[in-house]
Amino acid sequence: MRLKKGLSISAIALVGLLGLSACAAETDTAEPGVEAAVPEFEAGTTMADLAEAGSITIGTKFDQPLFGLQGPSGGPVGFDVEIGKIIAASLGISEDNIEWTETVSANRETFIENGTVDIVIATYTINDKRKEVISFAGPYYNAGQDILVLAGNPEGITGPEDLEGKAVCSVAGSTSEANIAEYGVDLITTDTYSNCLEPLRSGNVIAVTTDNVILAGLADQNAGEFEVLSNPFTEEPYGIGLGLDDDAFRTHINDVLEASYDDGSWEAAWEATAGAVLKLPAPPAVDRY
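Residues numbered from 1 in each chain as written. Predicted model: local features only at pLDDT ≥ 70, side-chain atom pairs only at ≥ 80, totals over all residues. Heavy atoms only, no water.

(A) Layout of the environment of Gly173. Topologically, Gly173 is positioned in the loop between strand 9 (167–171) and helix 4 (175–181). Distance in space between the C-alpha atoms of Gly173 and Asp191 is 8.5 Å, their sequence separation being 18 residues. Setting aside residues up to four positions removed in sequence, Gly173 forms contacts with Ser105, Arg108 and Arg130. (Helix = DSSP H or I, 4+ residues; strand = E, 2+ residues; numbered from the N terminus. Contact = heavy atoms within 4.5 Å.)

Set out below in structure tokens:
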């Protein structure tokens, strides 16, 4: 884990959590010059280490509109970012003491394994292959892979079957890359989905494919240029990546997610970010595997 010892907490907004082992701090912002109480966790757990350090490093994407997009201040904004703030708050860590690390699809497992980040919240699909090297809490959202085309859909594409033998762009190391490869496409890969847009504009590819919410954000950010087919062909449960077999931390995060469903903070996070474009979904049941 990447921990910073000796940092104080000047303001804490803890979510209401039920059934957690921690002794929660007060939800009110601390008075200037007064350190807020730090939640208590079992010694030796990741939660205890992070709470003591007073900071957490979270990997997220910086190019995903609605979920994780670099904002005017230089830090990321979006639904994934708000989920990260909820988790940090449960540890007694204010958002000012979150270190956001840009994390792309290809390096998410590596960053968790080598301790570059403490957790990853980055439109990160839970699957069995990834669970061989890291663990997941969640899911906290269910997406589905879809297809982005030029506005007006000049090629008349209706689904992935229409893409066989044709140039399609996706991101290397993503679930989307593996899924679309099964349809016999001429696959062009890059490191971020935003880098797929210029090849689509120029006609070097006829489609971009990834999760529907990512595509919706890209289309919204480039109004009038692109459209999403709105015909998802997979299920993509988004999870929070953490160290392999860190069962106590995974349980804690799952408890935090369930509490956020009940206390309205999950819905508030959605409405403040992705809700500007997408309808409020039902929160998914967490998988306590």
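Text resumes after the structure shown.
(B) Spatial organisation of the state of the cysteines. Going through the model one piece at a time under the given rule, you end up with 1 disulfide. Bridging Cys169 to Cys196, the disulfide has an S-S length of 2.0 Å. Between Cys169 and Cys196 the disulfide shows an S-S torsion of about -70°. By sign, it is left-handed. With Cys169 in strand 9 and Cys196 in the loop between strand 10 (186–190) and helix 5 (197–202), this residue pair connects regions lying 27 residues apart in the sequence. Under the relative-accessibility criterion, Cys169 is labelled buried at 2%. (Disulfide = S-S within 2.5 Å. Buried < 20%, exposed > 50% of the residue type's maximum accessible area, 1.4 Å probe, protein only.)

(C) Region of the structure containing the sheet that holds strand 8 (residues 145–150). Overall, mixed pairing links the 5 strands, which are arranged 10-9-11-8-12 in an open sheet. With one partner strand each, in any of the chains shown, strand 10 and strand 12 (226–228) form the two edges of the open sheet. In this sheet, adjacent strand axes meet at a mean angle of 30° when their direction is disregarded. Relative to strand 12, strand 8 runs antiparallel, the two sharing 3 bridges. Across the sheet, residue Leu150 finds its bridge partner in strand 12, namely Phe226. Packed onto the sheet, helix 6 (residues 212–221) meets strand 8, strand 11 (207–211) and strand 12 and runs at close to 125° relative to strand 11. (Pairing = 2+ DSSP bridges. Axes fitted to C-alpha atoms, helices over the stretch in contact; angles between N-to-C directions.)

(D) Spotlight on the confidence of the model for the chain. Residues of the chain with pLDDT of at least 70 account for 87%, and the chain-wide mean is 89. For residues 1–35, every residue scores under 50 in pLDDT, and the model assigns this stretch 79 contacts once sequence neighbours within four places are set aside. (pLDDT = per-residue confidence, 0-100.)

(E) Quick peek at the pattern of salt bridges. Under the defined criterion, the tally for this structure stands at 9 salt bridges. Of the charged contacts in the structure, one is a salt bridge between Glu82 and Lys85, with a shortest N-O distance of 3.1 Å. Of the two residues, Glu82 and Lys85 are both situated in helix 2 (residues 79–90); the distance of 3 residues between them amounts to about one turn of the helix. Of the residues examined, Glu82 reaches a relative accessible area of 23% and is grouped as partly exposed. Connected through shared salt-bridge partners, Glu82, Lys85 and Glu95 make up one network. (Salt bridge = Lys/Arg side-chain N within 4 Å of Asp/Glu carboxyl O.)

(F) Main features of the environment of Ser230. Positionally, Ser230 belongs in the loop between strand 12 and strand 13 (236–243). We classify Ser230 as exposed; its relative accessible area is 58%. Linking Ser230 and Asn212, residues 18 residues apart in sequence, is a C-alpha distance of 7.2 Å.

(G) Geometry of the nonpolar core. Membership of the largest hydrophobic core comes to 55 residues, with the highest contact counts inside it found for Ile83, Ile119, Tyr140 and Ile240. By size, the runner-up hydrophobic cluster in this structure holds 10 residues, among which are Leu163, Ile180, Val185 and Leu229. (Core = buried A, V, L, I, M, F, W, Y, C linked by side-chain atoms within 4.5 Å.)

(H) How the structure looks around the packing of aromatic side chains. Considering all chains together, one arrives at 14 aromatic pairs under this definition. Relative to Phe79, the ring of Phe67 has its centre 5.6 Å away and its plane inclined at 80°; by these criteria the two rings are edge-to-face. Of this pair, Phe67 sits in the loop between strand 2 (63–64) and strand 3 (68–70) while Phe79 sits in helix 2, and the two are 12 residues apart along the sequence. Like Phe67, the residue Phe79 is buried in the burial classification. Note on Tyr183 and Phe233: the rings are 5.8 Å apart at their centroids and 80° apart in plane angle, and the pair reads as edge-to-face. In this pair, Tyr183 is assigned in the loop between helix 4 and strand 10 and Phe233 in the loop between strand 12 and strand 13, connecting sequence segments 50 residues apart. Looking at Phe233, the relative accessible area reads 21%, which means it is partly exposed. A network of ring pairs unites the aromatic residues Phe67, Phe79, Tyr140, Tyr141, Tyr238, Tyr261, Trp266 and Trp270 as a single cluster. Against the face of Tyr289 rests Lys131, its NZ or CZ located 4.2 Å from the ring centre. In this structure, Arg250 is placed above the aromatic ring of Tyr289, and the distance from its NZ or CZ to the ring centre is 4.4 Å. (Phe/Tyr/Trp six-rings, centres within 6.5 Å; stacked < 30°, edge-to-face > 60°. Lys NZ or Arg CZ within 6 Å of the ring centre and 35° of its normal.)

(I) Representation of unusual backbone geometry. Put simply, Gly138 and Pro139 share a cis peptide bond, and its omega is 10°. Here Pro139 shows up in strand 7 (residues 134–143). Within the chain, Asn153 stands out as a residue other than glycine whose phi angle is a positive 50°. Tracing the sequence through the fold places Asn153 in the loop between strand 8 and strand 9. Even without a glycine there, the phi angle at Asp245 is positive, about 60°.

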